[in-house]
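Each chain is listed here by its residues.
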Amino acid sequence: MKQFFAPSSVAVIGASRHPQKVGNVILKNLISAHFKGKIFPVNPNAHVILDLPCYPSVNAIKDNVETAIIAVPSSLTPQVMEECGKKGIKHIIMVTAGFSEIGNNKLDQSILAILKKYDMRMVGPNCLGTLDTYSGFDNLFLPFSRLTRPQPGVISFICQSGAVGSATLDLLSKEGMKFAKFVSYGNAVDVDESDLLHYLGNDPQTKIICLYVEGIKDGKKFMKIAKEVAKKKPIIA
C-alpha cells in the first residue's frame, strides 16, 4: 500500500499539454509538490509535457515504474491497464469516472479481472487521488488554486467522496490543520476503506485517522481492522 503514497516512480497516463485537462493538472501538482520520485508522462501525441520527456505508452519507459495514475476516458482503461500489467506495474490510481457510479458495472468487472490477472492493486476508479505531504506525492486532480494543500502533520483522512474530501481538506487546511495523508478511494473496485484503515494503522506518520464513508463493502472485515487499529490510534468516522 505504500506505493499509493510514496512510490519511487510514477507514470501519469493521459498526461496533457492543455492546462485545463486533468492529466495536466495532476502532472503539474506532482512537480509543484516536489515529489521525490521519477515522473513519466504518457501520451502518444506529445514528446514533451511541462519540460518532461513524454512516452507513447508505459511499455516505452525503460525504467521500472511502481505506480501508474490513469486519467484517460473510461473506454480506454482496459487497454491501458493491460499495458500496465505487461510492464509490471503493480499499483494503479484511477481517477477516471464512468463506471458503476453511472451503472456501467460491466466495465468494473472488466478492470477487476485485469487486476487479478496481473496481481495489481488499484485505488478507484472515480476517485480524486492520493496526497502524502511528506513524500510530495500529490496526484489530486484539483489545482492548488482550487484546493488548499495542508502542511505536514499527523492526521490522515480516508474519504470515499472526492467532493466531500476536497471541501473538508480545503477548509481544514485553511484553518491550519496539518495532515500526513489523504486518499479519496471512489468506487473501491479493489482497495477499500478497510485496506486503507489497516495501512494507516501501521503508518508511523499517522497519529489520528479520519474516515468519511458512504457504505462499507465488508462489515466484518471493517470491524475487525477498526478494533485492532483503535487500540493504537483514535478513529473518527
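Residues numbered from 1 in each chain as written. Predicted model: local features only at pLDDT ≥ 70, side-chain atom pairs only at ≥ 80, totals over all residues. Heavy atoms only, no water.

What follows concerns the overall build of the protein chain. A count of helices and strands for the protein chain gives 6 helices and 13 strands. Rg of the C-alpha trace for the protein chain: 17 Å, near the compact-globule value of 18 Å for 237 residues, within the 12% margin. Referenced to the eigenvectors of the C-alpha coordinate spread, the extents of the protein chain come out at roughly 50 × 35 × 30 Å. Taken together, the 28 basic and 20 acidic charged side chains of the protein chain have centroids lying 3 Å from each other. (Helix = DSSP H or I, 4+ residues; strand = E, 2+ residues; numbered from the N terminus. Rg over C-alpha atoms; globule rule 2.2 N^0.38 Å. Lys, Arg positive; Asp, Glu negative; His and termini not counted. Charge placed at Lys NZ, Arg CZ, Asp CG, Glu CD.)

For the rest of this paragraph, the subject is the side chain of H91. Position of H91 among the secondary structure elements: in strand β6 (residues 91-94). For H91, a relative accessible area of 13% translates into the label buried. Once residues lying within four places of it in the same chain are set aside, the contact partners of H91 are Q3, F4, E66, T67, A68 and R121. (Buried < 20%, exposed > 50% of the residue type's maximum accessible area, 1.4 Å probe, protein only. Contact = heavy atoms within 4.5 Å.)

With their axes 9 Å apart at the nearest point, helix α5 (residues 193-201) and helix α6 (residues 219-230) run at an angle of 15° to one another. By the angle between their directions, the pair α5 and α6 is classed as roughly parallel. Between α5 and α6 lies a crossing of left-handed hand. Mapping the contact onto sequence places E193, S194, D195, L197, H198 and G201 in α5 and K221, F222, I225, A226 and V229 in α6. (Axes fitted to C-alpha atoms, helices over the stretch in contact; angles between N-to-C directions. Parallel < 35°, antiparallel > 145°, perpendicular 65-115°, else oblique. Left-handed = near helix turned anticlockwise from the far one by under 90°.)

Using the criterion set out here, one finds 4 aromatic pairs in the structure. Ring plane angle 75° and centroid distance 5.9 Å describe the contact between F40 and Y55, whose orientation is recorded as edge-to-face. Here F40 is found in strand β2 (residues 38-42), whereas its partner Y55 is found in the loop between β4 (52-53) and β5 (67-70), with 15 residues between them in sequence. Above the plane of the ring of F144 lies R149, whose end atom (NZ or CZ) is 4.5 Å from the centre. (Phe/Tyr/Trp six-rings, centres within 6.5 Å; stacked < 30°, edge-to-face > 60°. Lys NZ or Arg CZ within 6 Å of the ring centre and 35° of its normal.)

So, about α5. Across the 9 residues that make up α5, a large majority, 8, are buried. Turning to α5, its buried residues number three or more, namely E193, S194, D195, L196, L197, Y199, L200 and G201. As for α5, its buried residues are in contact with β7 (121-123), β10 (152-159), β11 (179-184), β12 (208-212), α6 and β13 (235-236). Regarding α5, its N-cap is D192, as a side-chain oxygen of that residue lies 3.1 Å from the backbone nitrogen of S194 further along. (Polar contact = N/O pair within 3.5 Å; in protein donor to acceptor, adjacent residues only side chain to side chain.)

On to the environment of A68. Within the element layout of this structure, A68 appears in strand β5. For A68, a relative accessible area of 0% gives the class buried. Between the C-alpha atom of A68 and that of P41, which follows or precedes it by 27 residues, the distance is 10.0 Å. Beyond its immediate stretch of four places on either side in the chain, A68 contacts A11, I13, C84, I89, H91, I92 and I93.

This next bit is on the pattern of salt bridges. Tallied over the full model, the rule gives 11 salt bridges. When the shortest N-O distance is used, the salt bridge between R149 and D138 registers 2.8 Å. Residue R149 is found in the loop between β9 (137-138) and β10, and its partner D138 is found in strand β9; the two are separated by 11 residues along the sequence. Residue classification places D138 among the buried residues on the basis of a relative accessible area of 1%. For D203, the salt bridge goes to K181, with nearest N and O atoms at 2.9 Å. Taken as a pair, D203 in the loop between α5 and β12 and K181 in strand β11 lie far apart in primary sequence, 22 residues in all. (Salt bridge = Lys/Arg side-chain N within 4 Å of Asp/Glu carboxyl O.)

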